[in-house]
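# Results of the structural survey
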There are 2 protein chains.
Amino acid sequence: MNSIDHAPETPTLKIEAFFKSAPPLKDAAEIETKLKEFVDRNSSGNEKANRVVCVTSGGTTVPLEKRCVRYIDNFSSGHRGSASTEYFLKAGYSVIFLYRRGTCQPFCRSLPDDPLLECFTSTDDSSIQVDPSHAEVVKRAIAENRSAVNGGFLLKLPFTTIFEYLQILRMIAVSLRSLGPSAMFYLAAAVSDFYVPWESMTMHKIQSGSGPLDIRLAQVPKMLYVLRNEWAPVAFCISFKLETDTDILLGKADMALKKYKMHMVVANELQTRKEEVIVVTEQEKITVRRDTTQPGADVEDPLIKLVVDRHSAYIDA
Amino acid sequence: MNSIDHAPETPTLKIEAFFKSAPPLKDAAEIETKLKEFVDRNSSGNEKANRVVCVTSGGTTVPLEKRCVRYIDNFSSGHRGSASTEYFLKAGYSVIFLYRRGTCQPFCRSLPDDPLLECFTSTDDSSIQVDPSHAEVVKRAIAENRSAVNGGFLLKLPFTTIFEYLQILRMIAVSLRSLGPSAMFYLAAAVSDFYVPWESMTMHKIQSGSGPLDIRLAQVPKMLYVLRNEWAPVAFCISFKLETDTDILLGKADMALKKYKMHMVVANELQTRKEEVIVVTEQEKITVRRDTTQPGADVEDPLIKLVVDRHSAYIDA
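The model shown is predicted, which means the values in this text are computed figures rather than measured ones.

The next point concerns the relation of the copies chain B and chain A. Placing chain B over chain A gives an RMSD of 0.0 Å and needs a rotation angle of 180°, together with 0.0 Å of translation along the axis. The superposition of one copy onto the other is thereby described by a two-fold rotation axis. Relative to the rotation axis, the C-alpha of I72 of chain B is the closest in chain B, positioned 2.1 Å from it. A share of 98% of the interface residues of chain B reappears at the interface of chain A, consistent with the copies meeting face to face through the same patch.

This is how it looks when you write it as structure tokens:
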């Protein structure tokens, strides 16, 4: 595997090589247009007035074959990203929601898996009714989503593969440059660490022969570094660190903060991530917990308040 | 990896070892109850009158870690399984729909990805309305799904991992034994060929260190053999063969037919699978094409007609 053995040295060269070998993005022109419209709508000429956050959400996939039958996926329901999007909108931000197809959508977190089939009944005169038990959440989901999308405050862009994710993220970063420090990246997506380089990928379905299957995966270039240093050097950047092992979590979050010069790293542990997170900055480590005295309170509520607060300080600095 | 090197020899022993090492099914008792009710409702005492088909749909996942962050997935939208379910119901069959969570549901194939947010609007008096352009498909989806589920003709059981899939499939096979040859297995799900044995799996998230990652995967035991020979020896069994390389497709379908003693193997190629399939039986190879003179006609329409026809002959034999 040439691409692994002779990988270029710097993060920038690595990511350029990654993009060069990636399959081209299908609807690049359409995304470009949507982004331009969105940024134009959110640019009043006063940098400080236009706060736009790009929230990434859900996991990326890594195809194992070019005509893809099998792929490696990262688990992520998209709950963190969709909840955070709601609170950012509430705080007056406009949001670019870069999400994995099929994952949780803003305003839809309280709905069952398959809301259309589970929340509605059809009556004898063939009209459709919402079950009374779901009526409130269904109405809220439809109304709030429409209001945010139609009002121009919420732009949703879907991805599936790591190749799509990184290419769209770069487009967003470039298009948000004009907003200066008012732009924020809130990188909650679970991005694959390993992938099979496109040019070394098998064309056809891997055959199940007689023995075990050995797969060699290359490391995905560290996009955070390039985002901070080149794509969006003035934007406020928050990344996430998820681990299942608490013993190594804070150390890894600290390392990410320093190595990639993030403004904040949100550390979360798989089992307790809906209860609390630890926000790591250069000066401090702040534990943020959901308000357990309020039924249904989210940890994203105080988390976004803290983030917005720090973003304000960053803009004013 | 002990479990690979010292794997037991026969398919039956292999699958027993697989189940022994698999994580226990969480809602086994609830599934058992649902299956019992469903089979009771569809047992009139006359074997020939009660046709029940188990349709499997969507792809299975293979966790790479016990506290699962990463997994290998098989691509499958669930379109084939959900379309086939509709035609089986139309033909008077009762259907156990064993489907991958989040994949396409019967009667919902013509809907957009996110029907709740894309097909509905809320009006000023906070009531909900279907967009006129989607009204017909939305109403049909809700009404036909409700009628099939509430009438007791459609039982939906979700899975995610290969472990869940095989355990539930075995429960279904055992519970359908009482129906003799009137039971059918229509195995359209994309089942993983390779997996990481649970006991050799790492507990925590695999760390992205410095170099490439090597993964060794073991073969999933050939469940088709055990299903035909032990779990459901009298049922009518149809399996699917999907390839991206047409050159090897028919040979592999033929091999599956003989090796696993299937009654039919449906061979399909990734690019053309919605246009045509080739049905392989012991005596013949039949190409089934969708009716291109009818707008929106499915290849599953003639396919299920052929399947039902052969199943009738099998029951009468």
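Residue and element names in this part refer to chain B. In terms of burial, strand β13 (residues 276–280) is a largely internal element, 4 of the 5 residues being buried. In this structure, strand β12 (residues 264–269) lies alongside β13, joined through 3 bridges in antiparallel fashion. If you follow V265 over to β13, its bridge partner there is V280. Once β12 ends, the chain turns through 6 residues before running back antiparallel as β13. Bridging between β13 and strand β14 (residues 285–289) involves 5 bridges; their strand directions are antiparallel.

To continue, consider the side chain of N268 of chain B. All names here are of chain B. One can find N268 in strand β12. A polar contact of 2.9 Å, which involves the side chain of N268, links it to the side chain of R80. Sequence-distant contacts of N268, defined by excluding residues within four places in its chain, comprise R80, F240, K241, L242, E243, L249, R273 and V277.

This brings us to the packing of aromatic side chains. Per the counting criterion, the structure on display carries 23 aromatic pairs over all chains. Between the aromatic rings of F120 of chain A and F120 of chain B, the centroid separation amounts to 4.8 Å while the plane-to-plane angle is 20°, which identifies the pairing as stacked. Taken together, the residues F120 of chain A in strand β5 (residues 120–122) and F120 of chain B in strand β5 (residues 120–122) connect one chain to another. Assessed through its relative accessible area of 1%, F120 of chain B is described here as buried. Aromatic pair F163 of chain A and Y195 of chain A: ring centres 6.1 Å apart, planes at 75°, arrangement edge-to-face.

Moving on, we come to the pairing of β14 of chain B. Side chains I286 and V288 of chain B project from β14 of chain B onto a buried face, and the interleaved K285, T287 and R289 of chain B project onto a face without burial. Here β13 of chain B folds back onto β14 of chain B in antiparallel fashion, the turn holding 4 residues.

Quick look at the nonpolar core now. Residues F185 of chain A together with F185 of chain B are the most contacted members of the largest nonpolar core, which totals 122 residues. Discounting residues that sit within four places of it in the chain, F185 of chain B has contacts with C54, L169, I172, A173, L176, L227, A232, A235, F236, C237 and I238 of chain B. Counting residues in each nonpolar core, the second largest holds 30 residues, with F97, M264, V288 and L306 of chain B among its members.

Once that is clear, we can look at the sheet that holds strand β2 (residues 61–63) of chain A. Strand order in this open sheet of 4 strands is β2(A)-β3(A)-β3(B)-β2(B), and the pairing throughout is antiparallel. Each edge of the sheet is formed by a strand with only one pairing partner; in this case those strands are β2 of chain A together with β2 (61–63) of chain B. Taking each pair of neighbouring strands and ignoring which way they run, the sheet shows an average axis angle of 25°. Direction of pairing for β2 of chain B relative to strand β3 (residues 70–74) of chain B: antiparallel, over a ladder of 3 bridges. Of the residues in β3 of chain B, the one forming a bridge with P63 of chain B is Y71 of chain B.

Let us look at the packing of helix α7 (residues 162–176) of chain B against helix α8 (residues 223–231) of chain B. All names here are of chain B. Where α7 contacts α8, the axes come no closer than 11 Å and their chain directions differ by 20°. The angle between the axes of α7 and α8 places the two elements in the roughly parallel class. α8 is crossed by α7, and the crossing has right-handed handedness. Side by side, α7 and α8 meet where Y165, L166, L169, R170, A173 and V174 of the first sit next to M223, L227 and W231 of the second.

Here we come to the confidence of the model for chain A. Fine structural detail should not be taken from predicted coordinates in areas where pLDDT scores are low. All names here are of chain A. Per-residue confidence for chain A averages 89 on the pLDDT scale, and 92% of its residues sit at or above 70. Scored below 50 in pLDDT, residues 1–7 makes 10 contacts in the model with residues more than four places away or belonging to other chains. Complex prediction metrics read pTM 0.88 and ipTM 0.82.

Counting residues at the interface gives 65 residues for chain B, matched by 65 residues for chain A. Summing both sides of the interface, chain B and chain A together bury roughly 5600 Å²; the carbon and sulfur share of this comes to 56%. At the junction of chain B with chain A, the criterion picks out 6 salt bridges. A salt bridge links R216 of chain A to D214 of chain B; the nearest nitrogen and oxygen atoms lie 2.9 Å apart. Broken down by secondary-structure element, the contributors of at least two residues to the side of chain B that touches chain A are β3, α5 (115–119), β5, β6 (128–130), α6 (135–150), β10 (213–219), β11 (236–243) and α9 (246–260) of chain B.

Attention shifts here to helix α7 (residues 162–176) of chain A. All names here are of chain A. With 15 residues, α7 extends 21 Å between its outermost C-alpha atoms, agreeing within 8% with the 21 Å of an ideal straight helix rising 1.5 Å per residue. By the criterion of burial, α7 is predominantly enclosed, with 12 of the 15 residues buried. Within α7, burial applies to I162, F163, Y165, L166, Q167, I168, L169, M171, I172, A173, S175 and L176.

Counted according to the given criterion, the structure contains 41 salt bridges over all chains. As a salt-bridge pair, R146 of chain B and D131 of chain A come within 3.6 Å of each other at their nearest N and O atoms. Remark: D131 of chain A occurs in the loop between β6 (128–130) and α6 (135–150) and R146 of chain B occurs in helix α6; the pair is interchain, linking two chains. The buried category is assigned to D131 of chain A, whose relative accessible area is 15%. A salt bridge links D309 of chain B to R310 of chain B, with the shortest nitrogen-to-oxygen separation between them at 3.9 Å.

Right, let's get into the sheet that holds β11 of chain B. All names here are of chain B. The strand order across the open sheet formed by 8 strands is β7-β4-β1-β8-β11-β12-β13-β14, and the pairing between neighbours is mixed. What marks the edges here is a single partner per strand, and that holds for β7 (154–159) and β14. Across the sheet, the axes of successive neighbouring strands diverge by a mean angle of 20°, strand direction being ignored. Bridge count between β11 and β12: 6 bridges; the pairing is parallel. Across the sheet, F240 pairs through a bridge with V266, a residue of β12.

This brings us to the packing of helix α3 (residues 28–41) of chain A against α7 of chain A. Residue and element names in this part refer to chain A. Across the interface, α3 lies against α7 with an axial gap of 10 Å and an inter-helix angle of 30°. On the basis of the axis angle, α3 is roughly parallel to α7. Between α3 and α7 the crossing geometry is right-handed. Of α7, the residues touching α3 (which contributes A28, I31, E32, L35 and V39) are I168, M171, I172, S175 and L176. Split by residue class, the contact of α3 with α7 holds 8 nonpolar, 1 polar and 1 charged.

Another point: the environment of C119 of chain A. Tracing the backbone through its elements, the reader meets C119 of chain A in helix α5 (residues 115–119). Considering only alpha carbons, one finds C119 of chain A and Q167 of chain A, 48 residues apart in sequence, at a separation of 37 Å. Aside from chain neighbours lying at most four places away, what touches C119 of chain A is P112, Q129, V130, D131, H134 and V138 of chain A together with R146 of chain B.

Reading the values: rules and limits
- Along each chain, numbering runs from 1 in the same order as the chain's sequence is written.
- In the order they appear in the text, chains get letters beginning with A and ligands get numbers beginning with 1.
- Thresholds applied to this predicted model are a pLDDT of at least 70 for local features of residues and 80 or more for the giving and counting of side-chain atom pairs; totals over whole chains, interfaces and linings are not thresholded and use all residues.
- Only heavy atoms go into the side-chain values, all of them from the structure, while hydrogens and water stay out.
- Copy-to-copy superposition: least squares on the C-alpha atoms, limited to residues that have pLDDT of at least 70 in both copies.
- Any pair of residues with heavy atoms lying within 4.5 Å of one another is described as a contacting pair.
- Under the scheme applied here, a residue whose accessible area is under 20% of the maximum for its type counts as buried, over 50% as exposed, and between as partly exposed, the area being computed with a 1.4 Å probe on protein chains only.
- Starting at the N terminus, helices and strands are each numbered in turn, a helix being any DSSP run of H or I of at least four residues and a strand any DSSP run of E of at least two.
- Two strands form a pair only when DSSP identifies at least two bridges running between them.
- Under this definition, polar contacts are N or O atom pairs within 3.5 Å; protein pairs additionally need one hydrogen-donor-capable and one acceptor-capable atom, and for neighbouring residues in sequence, both atoms have to be side-chain atoms.
- Pairing of aromatic rings covers Phe, Tyr and Trp, the last through its six-membered ring, and needs centres within 6.5 Å; plane angles under 30 degrees mean stacked, over 60 mean edge-to-face, and all others mean tilted.
- The set of buried Ala, Val, Leu, Ile, Met, Phe, Trp, Tyr and Cys residues whose side-chain atoms join them within 4.5 Å is what this entry labels a nonpolar core.
- Fitting a line to C-alpha atoms yields each axis, with helices limited to the stretch in contact; the angle taken between N-to-C directions then spans 0 to 180 degrees.
- For this classification, under 35 degrees means roughly parallel, over 145 means roughly antiparallel, 65 to 115 means roughly perpendicular, and everything else is oblique.
- Whether a crossing is left-handed or right-handed is set by the direction in which the near helix is turned from the far one by less than a right angle, anticlockwise for left-handed and clockwise for right-handed.
- Note on scores: pLDDT gives the predictor's confidence for each residue, bounded by 0 and 100.
- Buried area, as used here, totals the accessible surface that two parts lose on assembly, with accessibility defined by a 1.4 Å probe and the loss added over both.
- Salt bridge, as used here: a side-chain nitrogen of Lys or Arg that lies within 4 Å of a carboxyl oxygen of Asp or Glu.
- A helix's residues, less one, multiplied by 1.5 Å, set its expected span.
- Under the grouping applied here, Gly and all other residues not named as nonpolar or charged are polar, the nonpolar ones being Ala, Val, Leu, Ile, Met, Phe, Trp, Tyr, Cys and Pro and the charged ones Asp, Glu, Lys and Arg.

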